[in-house]
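Here is how the chains run, residue by residue.
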Amino acid sequence: MRATVWGCRGSLAAPGPATVRYGGNTSCIEVRLEDGTLLVLDAGTGIRPLGAGTFADGPIHLLLTHFHLDHLEGLGFFAPFWRSDTELHIWGPPSPLHSLEERIARYLSPPLFPIELSDSPASLTFHDVPEQPWELGSARLTAAHVSHPGPTLGYRIEERGQVLAYLPDHEPALGMELSSLSPDWLSGYPVAESASVLFHDAQFTEDEYDDRVGWGHSSVEHAVTFARLAGVEQLILFHHDPMRSDRELERLGDRARELWTASGGRAPSPRLAYDGLSFALRDQSVAGDETMLLPI
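Owing to the predicted nature of the structure, the values given are computational and were not obtained by experimental measurement. (Residues numbered from 1 in each chain as written. Predicted model: local features only at pLDDT ≥ 70, side-chain atom pairs only at ≥ 80, totals over all residues. Heavy atoms only, no water.)

A.B. asks: Summarise the overall build of the chain; cite the residues concerned and give the values.
C.D. replies: Secondary structure assignment for the chain yields six helices and 15 strands. For the chain, whose C-alpha radius of gyration is 18 Å, the value lies close to the compact-globule estimate of 19 Å for 296 residues. Projected onto its principal axes, the C-alpha positions of the chain cover 55 × 40 × 40 Å. Look at the contacts in the chain between residues 6 or more apart in sequence, and 65% of them connect residues 24 or more apart. For the chain, the accessible surface area stands at approximately 12500 Å², while carbon and sulfur atoms represent 52% of it. Side chains of the chain carry 21 positive and 41 negative charges; the gap between the two charge centres is 6 Å. (Helix = DSSP H or I, 4+ residues; strand = E, 2+ residues; numbered from the N terminus. Rg over C-alpha atoms; globule rule 2.2 N^0.38 Å. Contact = heavy atoms within 4.5 Å. Areas by Shrake-Rupley, 256 points an atom, 1.4 Å probe, with all protein chains shown as cover. Lys, Arg positive; Asp, Glu negative; His and termini not counted. Charge placed at Lys NZ, Arg CZ, Asp CG, Glu CD.)

A.B. asks: Which residues make up the packing of aromatic side chains, and what are the values?
C.D. replies: For the structure on display, the rule yields eight aromatic pairs. Ring geometry for Phe199 and Phe279: centres 6.1 Å apart, planes at 25°, overall stacked. A residue pair is termed long-range when its members are at least 10 positions apart, and Phe199 in strand E11 (residues 197-201) and Phe279 in strand E14 (residues 278-282) qualify at 80 residues. You can call Phe199 buried: its relative accessible area is 0%. (Phe/Tyr/Trp six-rings, centres within 6.5 Å; stacked < 30°, edge-to-face > 60°. Buried < 20%, exposed > 50% of the residue type's maximum accessible area, 1.4 Å probe, protein only.)

A.B. asks: Please provide a residue-by-residue account of the confidence of the model for the chain, values included.
C.D. replies: Averaged over every residue, the pLDDT of the chain is 93; the share at 70 or more is 94%. Note that residues 284-296 has pLDDT below 50 and, in this model, 44 contacts with residues that lie over four places away or in other chains. (pLDDT = per-residue confidence, 0-100.)

A.B. asks: Tell me about the pattern of salt bridges, and name the residues and values.
C.D. replies: Under the defined criterion, the tally for this structure stands at 10 salt bridges. A salt bridge links Arg244 to Glu208; the nearest nitrogen and oxygen atoms lie 2.9 Å apart. On the criterion of sequence distance, the pair formed by Arg244 in the loop between strand E12 (234-238) and helix H6 (246-262) and Glu208 in helix H4 (residues 206-209) is long-range, its members being 36 residues apart. Relative accessible area serves as the criterion here: at 8%, Arg244 is assigned to the buried category. The exposure class assigned to Glu208 is partly exposed, which follows from its relative accessible area of 22%. Between Glu258 and Arg255 there is a salt bridge, with the nearest N and O atoms lying 2.7 Å from each other. Separated by three residues within a single helix, Glu258 and Arg255 lie in helix H6, roughly one turn from each other. Classification of Glu258 by relative accessible area gives partly exposed; the value is 48%. (Salt bridge = Lys/Arg side-chain N within 4 Å of Asp/Glu carboxyl O.)

A.B. asks: Could you give an account of the sheet that holds strand E8 (residues 139-145), with specific residues and numbers?
C.D. replies: Pairing is mixed across the open sheet formed by seven strands, whose spatial order is E7-E8-E9-E10-E11-E12-E13. Whereas interior strands pair on both sides, the edge strands pair on one side only; in this sheet they are strand E7 (134-136) and strand E13 (271-272). With two bridges connecting them, E12 and E13 associate as parallel partners. Bridging across to E13, Ile236 finds its partner in Arg271. (Pairing = 2+ DSSP bridges.)

This is how it looks when you write it as structure tokens:
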């Protein structure tokens, strides 16, 4: 399994000289399985450069965590979406009121978008994410509802003993002391438990979070605490605040490493996601620096 980050910014795209190192595109991760199956996690603005370069010989599976615009706004600019030879499967949280297609069409239609969802020439298939684990290609997937405004999923991808967990928008500490929670009460635990790599929301500093309780996002301290409680091997800080410069992000990364060490965490320490980060998970180890990750 190989993962590549195409967007790791939260809430709003933030291009410019202050965000060159870590990037300004919103949430999108490409996951290539060992058998060649292509999974795409979210359709933020990062999906545009992903679609500009490839593509898969077979179906594309787009896994949406939720429908806030920073996770959906890139779909209409995804080149395979406008090709007749594309087989695109779109997965998302179920609703008793409206189909997945209807909810996505609310954005991909006037006046919010100039073209209708139904105008796409691609072969589109919409799937409500099942409650039970399911298979895609050579991987086993699990999804679970997590603490964030509106129906929101986290995803767990397992292949050959390796686990990639994705929780880009997540507030597990909402209304309670996170460190005191047992796994049964910890939002996102089934997704992250013993993951090889966890991409997790770390939008706020500890001071900022006090004024943003209930917004659906985590402080860096909560991200580290959650990863330690879940027994994660490698934490990657994700969903960077659009107002955060590269230098400010690096200070936040330093704070995460400080907290990780203070809580007894072993190497590798947490690191910051950035547009272009790519790494492989093979068998029982991940190749690369810090014994875990290999940027290319």
